[in-house]
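Tertiary structure, described
What follows is each chain in one-letter form.
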Amino acid sequence: MGDVVHNLPVVSDLRASMPDCHIDWVVEEAFGAIPRLHPGIGRVITVSIRRWRRHPLAARTRAEFAELRNHLCQTRYDEVIDTQGLLKSAFLAWLANGRSHGFDWKSSREPLQMFYDKVYSVPWSVHAVQRNRLLASNALGYALSETPNYGIAIRPESATSLATAFPVTDADEFAVLLHATSAAKKEWPENHWVQLGERLAARGMIVVLPFGNELEQARSNRLAGGIPGARVPPALSLDLLAVLLSQARVVVGVDTGLTHLAVALNRPTIGLYCASDPAATGLYGSPRALNIGGIGMMPSVNEVASALERLVDLI
């Protein structure tokens, strides 16, 4: 999900430099709601590569892939840009009917030059958002603005749906704590979350603890049990989670895509890093976002509270 969020500014750059261009975005089906938030996107083409890999010979897999291939081959694109730089994305760029662009062999995580018509050198030393922007600007020859623009907006119908499903948004102020991430080494300890939640609750904030699966739901319930007034929402789709984040007074999250999405929605956001380098893939492009920690540098509760104090007048 983070990779998807990190590509949103590319759409804004393209629309700013070429207002009449039509942009299609190929994305994993689980994350299709994110590019749909950007008004600059024409069509979102979803793929199911994760499911296809598990069931490569299934009738559904063959039918869905055939439909995708037909669309990519029959639609004439002027340019095709692969900003993800992985074998799966390079293959899709190769399938598409148009001149393809990607990272050169020194700039990508896998040797992919054979899949592209043109390749470009982009330094690893810059943030992932900037790497994506540089690749697209080099491919199409336009100048970049200094600050990235994620360019997304919540749809009114989604806000109405969330108000029905989870009316906590009627509260004056609430904080969203995003405790779930893809790897255990990136997690922040549960007792830290409880202590932070207690501080937020003491200042009159409702703490909201969303989840994505049963294990995360169990953790949300445990955390809510130790935080006065905390709420665990029902299972929410990605578009409704985006609404929830957009209405939060503040968001605190570990290294996960939803934390990046909160930044893209221009919410005050704290990113907690325990096992990855925020200089490469941390929260980026917003004065309302702060990264704390790093590889082997787990943030303390006091550090997070102090960061919140700097960001918003909460604690």
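What comes next concerns the included structure. Since the model is a prediction, treat every value here as computed from it, not as a measurement.

Describing the packing of helix H9 (residues 238-247) against helix H10 (residues 257-264)
- At a closest axis distance of 9 Å, the pairing of H9 and H10 adopts a crossing angle of 55°. One finds that H9 runs oblique with respect to H10. The handedness of the crossing between H9 and H10 comes out as right-handed. Contact residues: Leu238, Leu241, Ala242 and Leu245 in H9; Leu258, Leu261 and Ala262 in H10.
- Class assignment for the residues of the contact of H9 with H10 results in seven nonpolar, no polar and no charged.

Details of empty space enclosed by the protein
- Applying the stated rule across the entire model yields one cavity of 30 Å³ or more.
- What the largest cavity holds in volume is close to 30 Å³.
- Lining the largest cavity, in full, are Val5, His6, Tyr150, His260, Val263, Leu283 and Tyr284.
- The residue makeup of the lining of the largest cavity, split by class, is five nonpolar, two polar and no charged.

Side note on helix H12 (residues 301-311)
- Burial in H12 covers these residues: Val301, Val304, Ala305, Ala307, Leu308 and Leu311. Seen from one end, H12 has its buried residues packed into an arc of 160°, which puts them on one side. Within H12, the exposed residues directed more than 90 degrees away from the buried face are Glu309 and Arg310.
- Against helix H7 (190-202), strand E8 (250-254), strand E9 (269-273) and strand E10 (289-293) lie the buried residues of H12.

With respect to the packing of aromatic side chains
- With the rule as written, the count across this model stands at four aromatic pairs.
- Ring geometry for phenylalanine 91 and tryptophan 94: centres 5.8 Å apart, planes at 25°, overall stacked. Of this pair, phenylalanine 91 and tryptophan 94 both sit in helix H4 (residues 87-95), three residues apart, roughly one helical turn.
- Phenylalanine 91 gets classed as partly exposed once you look at its relative accessible area, which sits at 30%.
- Summarising the aromatic geometry, the rings of tryptophan 188 and tryptophan 193 are spaced 4.9 Å apart at their centres and angled 85° between planes, so their arrangement reads as edge-to-face.
- Aromatic ring contacts, followed pair by pair, group Trp52, Phe65, Phe91 and Trp94 into a single cluster.
- We note arginine 131 situated over the ring of phenylalanine 103; from NZ or CZ to the ring centre the distance is 4.6 Å.
- A cation sits over an aromatic face here: arginine 131 above tryptophan 124, 3.9 Å from the ring centre.

Concerning H4
- Of the positions making up H4, those classed as buried are Ser89, Ala90, Leu92, Ala93 and Leu95.
- Looking at the buried side of H4, the elements it contacts are strand E1 (24-28), strand E2 (43-47), helix H2 (49-54), helix H3 (59-74), strand E3 (76-81) and strand E4 (97-103).

Thoughts on the pattern of salt bridges
- Applying the stated criterion across every chain yields a total of 10 salt bridges.
- Measuring nitrogen to oxygen at the nearest pair gives 3.4 Å for the salt bridge that ties glutamate 29 to arginine 51. Taken together, the residues glutamate 29 in the loop between E1 and E2 and arginine 51 in helix H2 connect sequence positions 22 residues apart.
- Residue classification places glutamate 29 among the partly exposed positions, given a relative accessible area of 39%.
- We note a salt bridge from glutamate 79 to arginine 99, for which the minimum N-O separation is 2.7 Å. Here arginine 99 lies in strand E4 and glutamate 79 lies in strand E3, a separation of 20 residues in the sequence.
- Through salt bridges that share partners, Glu29, Arg51, Arg60 and Glu64 make up one connected network.

Structural notes on the side chain of serine 89
- Structurally, the position occupied by serine 89 is in helix H4.
- A distance of 2.8 Å separates the side chain of serine 89 from the side chain of aspartate 82, its partner in a polar contact.
- Non-local contacts of serine 89, meaning those with residues more than four positions away in its chain, are made with Asp82 and Gln84.

Here is what the cut-offs are and how they apply
Residues numbered from 1 in each chain as written. Predicted model: local features only at pLDDT ≥ 70, side-chain atom pairs only at ≥ 80, totals over all residues. Heavy atoms only, no water. Axes fitted to C-alpha atoms, helices over the stretch in contact; angles between N-to-C directions. Helix = DSSP H or I, 4+ residues; strand = E, 2+ residues; numbered from the N terminus. Parallel < 35°, antiparallel > 145°, perpendicular 65-115°, else oblique. Left-handed = near helix turned anticlockwise from the far one by under 90°. Contact = heavy atoms within 4.5 Å. Nonpolar A, V, L, I, M, F, W, Y, C, P; charged D, E, K, R; others polar. 1 Å grid on protein atoms, 1.4 Å probe; cavity = no way out; pocket = protein on both sides within 12 Å on 5 of 7 lines; lining within 4 Å. Points joined across faces, edges and corners; volume = space filled by probe spheres on them. Buried < 20%, exposed > 50% of the residue type's maximum accessible area, 1.4 Å probe, protein only. Arc of directions from axis to C-beta. Phe/Tyr/Trp six-rings, centres within 6.5 Å; stacked < 30°, edge-to-face > 60°. Lys NZ or Arg CZ within 6 Å of the ring centre and 35° of its normal. Salt bridge = Lys/Arg side-chain N within 4 Å of Asp/Glu carboxyl O. Polar contact = N/O pair within 3.5 Å; in protein donor to acceptor, adjacent residues only side chain to side chain.

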